[in-house]
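These are the residues of each chain, in order.
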Amino acid sequence: MLARILALVSCMFLVFSAHAEEKRIALLIGNQAYPNYIGRLNNTHSDVGRLRTALRNVGFEVLDKYDQNEDGMLDSLDQFEARIDAEIAKGNEVVGFFYYSGHGISIVDGGERKNFLVPSNEEITDDRKLLRKGINLNEVIASFARSRTKAFFVVSDACRNEMGLSFTKGSGTKGFGAVSQRKGMLVAFATAEGATAPDDGMFSTILSEEIQTPGKRADVSFMDAMARVAATRDLNGQPHMAPGLLPKDLCFAGCATSGEDKDWADAKKFNSYSSYDFFLSRYPNSKYASEARRLRDKLRPDTDDDPNPGPGPGRLTDDDLDWLRLSKIDTEEAYQLYLQLHKTGKYAEDARLKIKEKTQPKPVDPKNDVFRVNDNMAWNQMTSWEWNSRA
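Residues numbered from 1 in each chain as written. Predicted model: local features only at pLDDT ≥ 70, side-chain atom pairs only at ≥ 80, totals over all residues. Heavy atoms only, no water.

Caption draft 1: Quick peek at the environment of aspartate 200. Of note, aspartate 200 is situated in the loop between strand E9 (185–189) and helix H6 (202–211). Residue aspartate 200 is classed as partly exposed on the basis of its relative accessible area, which comes to 36%. Sequence-wise, aspartate 200 and asparagine 42 are 158 residues apart; in three dimensions their C-alpha atoms are separated by 8.4 Å. Aside from chain neighbours lying at most four places away, what touches aspartate 200 is Asn43 and Arg233. At 3.1 Å, the side chain of aspartate 200 forms a polar contact with the backbone nitrogen of methionine 202. (Helix = DSSP H or I, 4+ residues; strand = E, 2+ residues; numbered from the N terminus. Buried < 20%, exposed > 50% of the residue type's maximum accessible area, 1.4 Å probe, protein only. Contact = heavy atoms within 4.5 Å. Polar contact = N/O pair within 3.5 Å; in protein donor to acceptor, adjacent residues only side chain to side chain.)

What follows is the structure, encoded as structure tokens:
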């Protein structure tokens, strides 16, 4: 009898262990083979290559696809979601990751803004063909949201150089519109709504580095990537993130890190004389010591009114770090995430004020019936259709 009980307990342990297994599955699509009237791209395949290496290094099974036409993109999405469903059916926890690098267009159809990924090797010359041949990103995200994944990341690196389309209805601008999501789903765009960015690989390079940095929650990896990209671009090329409330135990490269590595990362984030000095006082023989001295010696000693003081004993908390990262992103969603993480945090009131500031109605523009097609085109009268190339 005892042997049978022990055997049963053992089987139950194995079942629960199997159910607790985490599977990571990613689909990466890089489109750059476009006709001249849309505009060829040069770096999307490299973007996918960087993310493929980074994601495989942190345990993802990666499906990478290149220059997909409409049927190819739909087949790839079906294959991706089937893999996710198969692992969920086995009782595994699944983390999904979708990345797209290529052209995109946003239009208003029937009063609803729709975002489209533009397939390669397709003739899309006007709005009607876009509705038939484009991949509706809103529908793709809605399908992802219905899956029972532990977490889902959707990354659109689709803000490329200017496109040359001439649509029969409407006038053009730039930038994808907002999308809906669910808890546990993070949606990130290479630039904010209505903006463009160069086809230079910067977004994928920085994101790949952050994904492979150990000791960071997954949402923090994205926060830091957004902040780093934002620091290198002007106001017209800022990245945008809609951060869903992700599991706190989800880290791309593992949540554990040495105290020395964590303190060094914190010192660099504060980037002040006292932060490097404090690090050196704790780790005088660190592998980072020479770099810490070099950076410290470039800065003057902190004064009482130093706006960026160093960490100091007992001064650096998760509350401080999350505020530092999220306030750099400076979007309504970022401040909402801070309040979700730190409802009564020391910066909670500041976050609420920022949200109020960003949600206040903007003054009506007397010229709201016209807007610029792009930097090289004249103002045009708007019609019932808007189209908006995320080029």
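From this point, the discussion proceeds with the structure in view.
Caption draft 2: A look at the sheet that holds strand E7 (residues 151–157). The six strands are arranged E2-E1-E3-E7-E9-E10 in an open sheet whose pairing can be described as mixed. The open sheet is flanked by strand E2 (60–66) and strand E10 (240–242), the only strands paired with a single partner. With direction set aside, neighbouring strand axes in the sheet form an average angle of 10°. Bridge analysis of E7 against E9 gives five bridges, and the strand direction is parallel. If you follow phenylalanine 153 over to E9, its bridge partner there is leucine 186. Contacts between helix H3 (residues 70–89) and the sheet are confined to strand E1 (22–30), E2, strand E3 (93–101) and E7, with E1 contributing the most and set at about 175° to the helix. Where helix H5 (residues 137–146) meets the sheet, it contacts E3, E7 and E9, and its direction lies at approximately 155° from that of E9. (Pairing = 2+ DSSP bridges. Axes fitted to C-alpha atoms, helices over the stretch in contact; angles between N-to-C directions.)

Caption draft 3: Inspection of the confidence of the model for the protein chain at higher detail. With 75% of its residues at a pLDDT of 70 or more, the protein chain shows a mean pLDDT of 78. Of all helices and strands in the protein chain, the one with the weakest mean pLDDT is strand E12 (residues 379–381) (24), whereas E2 scores best (98). (pLDDT = per-residue confidence, 0-100.)

Caption draft 4: Spatial organisation of unusual backbone geometry. Despite not being glycine, aspartate 67 has its phi angle at roughly 45°, a positive value. Relative to the assigned elements, aspartate 67 resides in the loop between E2 and H3. Phi is positive for asparagine 121, which is not a glycine, with a value near 55°. Of note, asparagine 121 is situated in the loop between strand E5 (112–117) and helix H4 (127–133).

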